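Observations on chain architecture
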Amino acid sequence: IIDIIYNMPALKNKRNIHEYISGYVDGEGCFSVSFSKRDKFIVGWETKPSFSVSQNEDRADTLFLIQKEFKCGFMRRDFSDKTLKYEVRSLEDLINHVIPHFENYPMVSTKQTDFESFKRICFFMQKGLHKEKKGLRRIIDLAFTMNPSGKRKYSKEDIFKALR
């Protein structure tokens, strides 16, 4: 299937592939940061950045194209909406593969603003700021500006209140 995509005239140029990926992600992708209560962590919370793109299984060719171009991540079924999801959760892969792509080939919608916050959070995490209260508060503030229509298990106030 991937070879078919690469044989499409519009995607023969490598730049076109990267622009296509950014446009596709602009419509179907998500940059998110979630938080889970974890007693074994110093601050009591785990910070989990994630980049994902969803599509119906019968149209998953593009997900495999993105995975091949980014050279990281995994596929999983999302039973909640019956789609296939390409996802990258590794901080190292996000910083080395995903973030550079969107710096070079930005999106045109407000999703670019979510990406900019996501990027800052990933770099804060790379510096270990998520392991200290003050840094985690900055990360939480940024994360809650992203995906305002998304569902969250914990509110910002709940996390701040429970922060050790």
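Rules used throughout
- Residues numbered from 1 in each chain as written.
- Predicted model: local features only at pLDDT ≥ 70, side-chain atom pairs only at ≥ 80, totals over all residues.
- Heavy atoms only, no water.
- Buried < 20%, exposed > 50% of the residue type's maximum accessible area, 1.4 Å probe, protein only.
- Helix = DSSP H or I, 4+ residues; strand = E, 2+ residues; numbered from the N terminus.
- Arc of directions from axis to C-beta.
- Contact = heavy atoms within 4.5 Å.
- Pairing = 2+ DSSP bridges.
- Axes fitted to C-alpha atoms, helices over the stretch in contact; angles between N-to-C directions.

Describing helix α6 (residues 133-143)
Here α6 has its buried residues at Gly135, Leu136, Ile139, Ile140, Leu142 and Ala143. Buried residues of α6, viewed axially, fall in a sector of 160°; they line one side. Buried residues in α6 make contact with β1 (29-37), β2 (45-55), α5 (111-126) and α7 (156-162).

So, the sheet that holds β1
What the four strands build is an open sheet, ordered β1-β2-β4-β3; its pairing is antiparallel. Looking along the sheet, the strands with just one partner apiece sit at the ends: β1 and β3 (74-78). Recorded for the sheet is a direction-independent mean angle of 40° between the axes of neighbouring strands. In terms of strand pairing, β1 meets β2 through nine bridges, oriented antiparallel. Bridge assignment links Lys37 to a residue of β2, and that residue is Trp45. Packed on one face of the sheet, helix α3 (residues 61-70) meets β2, β3 and β4 (83-88) and runs near 10° to β4.

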